[in-house]
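# Structural characterization, general
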Amino acid sequence: MNRAPELDPLVPDLAELRRTLLRQVEPRRVHFFEHGIADNVKAAIVERFDLRRKVTVAPTQPEFAWAQEIAVQELLGQEVFRVWLPGAEYRVAGSRGITWGEEHTGPIQTWDDLERYAWPDPQAIAYAELEWYERHLPAEMGVVHVVKVWEVVRELIGFEAFCLLLQEDPRLIAEVTRRVGEFHLTLTRSLCDFRRVFAIYAADDFAFKTGTFFAPETIIDLFLGWHERMARCAHDHGKLFFFHSCGKVDALMNYLIDRVRIDAKHSFEDTVVPVTEAKRRWGER
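Now for a description of the structure that goes with this document. (Residues numbered from 1 in each chain as written. Predicted model: local features only at pLDDT ≥ 70, side-chain atom pairs only at ≥ 80, totals over all residues. Heavy atoms only, no water.)

### What to know about the overall build of the protein chain
Our working definition: What counts as a helix is a DSSP run of H or I of at least four residues, what counts as a strand is a run of E of at least two, and both are numbered from the N terminus. Remark: exposure states derive from per-residue accessible area (1.4 Å probe, protein chains only) relative to the maximum for the residue type, with buried under 20%, exposed over 50%, and partly exposed in between. Calculation of accessible area relied on Shrake-Rupley with a 1.4 Å probe; when residues are assessed, cover is drawn exclusively from the protein chains displayed. As used throughout, the charge tally considers Lys and Arg to be positive and Asp and Glu to be negative, leaving His and the chain termini uncounted. In plain terms, the charge of a residue is placed at NZ if it is Lys, CZ if Arg, CG if Asp and CD if Glu.
Assigned secondary structure in the protein chain consists of eleven helices and five strands. Dimensions of the protein chain, computed from C-alpha atoms along their principal axes, come out at roughly 65 × 45 × 35 Å. Burial status across the protein chain gives 48% buried among its 285 residues. When the accessible surface of the protein chain is summed, it comes to about 15,100 Å², and 50% of that surface belongs to carbon and sulfur atoms. Here the protein chain carries 36 positive and 45 negative side-chain charges, and the mean point of each set is 4 Å from the other.

### Focus on the packing of helix α6 (residues 150-157) against helix α7 (residues 159-168)
In plain terms, the rule: Lines fitted to C-alpha atoms define the axes here, with helix axes fitted over just the stretch in contact, and angles between the N-to-C directions of these axes take values from 0 to 180 degrees. Oblique is the label for every angle not falling under 35 degrees (roughly parallel), over 145 degrees (roughly antiparallel), or within 65 to 115 degrees (roughly perpendicular). Contact criterion: two residues are considered in contact whenever any of their non-hydrogen atoms come within 4.5 Å of each other. Residues are grouped as follows: Ala, Val, Leu, Ile, Met, Phe, Trp, Tyr, Cys and Pro are nonpolar; Asp, Glu, Lys and Arg are charged; all remaining types, including Gly, are polar.
In contact at an axis separation of 7 Å, α6 and α7 are set at 95° when each is read in the N-to-C sense. Here α6 lies roughly perpendicular to α7, going by the angle between them. Listed contacts from α7 to Trp150, Val153, Arg154 and Ile157 of α6 are Phe159, Ala161, Phe162 and Leu165. Broken down by class, the residue content of the contact of α6 with α7 amounts to seven nonpolar, no polar and one charged.

### Section: the pattern of salt bridges
Just so we agree on the cut-off: Note on definitions: salt bridges are taken to be side-chain nitrogens of Lys or Arg within 4 Å of carboxyl oxygens of Asp or Glu.
Within the structure shown, the criterion is met by 20 salt bridges. In this structure, Arg52 engages Glu47 in a salt bridge whose closest nitrogen and oxygen atoms are separated by 3.2 Å. Looking at Arg52, the relative accessible area reads 43%, which means it is partly exposed. Between Asp113 and Arg116 there is a salt bridge, and its shortest N-O distance comes to 2.7 Å. With Asp113 and Arg116 both in helix α4 (residues 111-116), this residue pair falls three residues apart, about one helical turn. What you see here is one network of salt bridges that share partners, running through Lys248, Asp250, Glu277, Arg280 and Arg281.

### Things to note about the packing of aromatic side chains
Which entries qualify depends on this criterion: Pairing of aromatic rings covers Phe, Tyr and Trp, the last through its six-membered ring, and needs centres within 6.5 Å; plane angles under 30 degrees mean stacked, over 60 mean edge-to-face, and all others mean tilted. The rule for a charge over a ring is simple: NZ of Lys or CZ of Arg within 6 Å of the ring centre, and within 35 degrees of the ring normal.
The final tally for this structure, using the stated rule, is 22 aromatic pairs. A centroid spacing of 5.7 Å and a plane angle of 85° characterise the contact between Phe33 and Phe242, whose relative ring orientation is edge-to-face. Remark: Phe242 occurs in strand β4 (residues 240-244) and Phe33 occurs in the loop between α1 (14-21) and α2 (39-48); sequence separation between them is 209 residues. Phe242 sits in the buried class, given a relative accessible area of 7%. Among the aromatic residues, ring-to-ring pairing joins Trp150, Phe159, Phe162, Phe206, Phe208, Phe213, Phe214, Phe223 and Phe243 into one connected group. Directly above the ring of Trp226 sits Arg229, whose terminal nitrogen or CZ lies 4.4 Å from the centroid.

### Here we look at the environment of Val180
Of note, Val180 is situated in helix α8 (residues 170-191). Residue classification places Val180 among the buried positions, given a relative accessible area of 0%. For the pair Val180 and Tyr90, spaced 90 residues apart in sequence, the C-alpha to C-alpha distance is 9.2 Å. Apart from residues no more than four positions distant in its own chain, Val180 is found in contact with Tyr90, Trp119, Lys148, Val149, Val152, Val153 and Leu156.

### What about a nonpolar patch on the surface?
Put simply, the rule reads: Grouping into patches uses exposed residues only, defined as over 30% relative accessible area, and leaves out salt-bridged ones; the cut-off is 9 Å for like charges and 5 Å for nonpolar side chains (Val, Leu, Ile, Met, Phe, Trp, Tyr).
Judged by side-chain polarity, Leu10, Val30 and Phe32 come together as a nonpolar surface patch covering roughly 260 Å² of accessible area. Tracing the chain through its elements places Phe32 in the loop between α1 and α2.

### Considerations on helix α9 (residues 216-236)
Inclusion rule: The reported bend at a residue is simply the angle between two axes, fitted to the 7 residues ending at it and to the 7 residues beginning with it.
Roughly 50° is the biggest bend found in α9, and it falls at Phe223. Just downstream of α9, Gly238 is the residue with a positive phi angle, here 75°.

### Thoughts on the side chain of Asp169
This is how the line gets drawn: Any pair of N or O atoms that falls within 3.5 Å is considered a polar contact. Within protein, one atom must be able to donate a hydrogen and the other to accept it, and sequence-neighbouring residues count only if both atoms are side-chain atoms.
For Asp169, the location among the structural elements is in the loop between α7 and α8. Salt bridges are absent for the buried Asp169, whose nearest opposite-charge side chain, Arg171, sits at 4.7 Å. A polar contact of 2.9 Å, which involves the side chain of Asp169, links it to the side chain of Trp111.

### Thoughts on the nonpolar core
Threshold: The criterion is simple. A nonpolar core is a set of buried Ala, Val, Leu, Ile, Met, Phe, Trp, Tyr and Cys residues joined through side-chain atoms within 4.5 Å.
Membership of the largest hydrophobic core comes to 71 residues, with the highest contact counts inside it found for Tyr133 and Leu156. The dominant element in this core, judged by the number of residues it contributes, is α9, at nine residues. Those residues in contact with Tyr133 that sit more than four places away from it in its chain are Trp66, Glu69, Ile70, Phe81, Val83, Val143 and Arg196. Judged by nonpolar contacts, the second largest core, of twelve residues, contains Leu17, Val146, Tyr201 and Ala264.

### Details of α1
For clarity, the cut-off: By definition, the arc is the one covered by directions from the helix axis to the C-beta atoms.
Of all the residues in α1, the buried ones are Leu14, Glu16 and Leu17. End-on, the buried residues of α1 take up no more than an arc of 160°, which puts them together on one face. Buried residues along α1 sit in contact with β1 (80-83), β2 (142-147) and β3 (197-203). Within two residues after α1, Arg23 carries a phi angle of roughly 60°, on the positive side.

Given below as structure tokens:
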């Protein structure tokens, strides 16, 4: 039998990661963070490094996948990794039956659609995975969970229809946004009750390579107020608040830093703002 290849481990250090993000220390090494790792990639890592031998849970148990996740992330030296809880995501099928949001339209176009839509119940979110991590996650590791507002509104309405309704029926836009924001604020409050939740991770793609999808003032007025409420909840409970957006969000950065009070930003693209340039511009803040 061929032996699994050896990999020098990076020892997770959650305390140093936190101090680094709060600008209290210069880290001794680069701390890695992944927005997400595809399941097939994680399966390949498990196979290549024979990580099943580290999992003591029976493969027939739901906890097996959670224990295997810890083994993968620990091998990669990552202090925190992303969790998706059942019931915490809006599932929107496009008008052609596909399973991702379309750019043109979505299930909500009118006030009648708003009332007919099967809004998810935040009380139905299943927290078993987080409850298990509370007992079994190594001390130097934590988890993050995604919350979002714009990306859900975009899927519910469709990007093109959203732009039209901004002019034709802004009240409908505001009501859809309110319902989505309330759902994720309720989720944030529940996540903050868990000791092993390291950060709330707001992930809303507001931009492309050269600017925001629409006026920065609209983004601030409609969406970033919800980010601000969720960040305040996180900070009140001793959690950090991460923000993700692809693209060029320079026009939003002052609000994100001063009002939302984000603790870290993801991602950085060399064709937009390289990470070294981002540190020069905003690192002291």
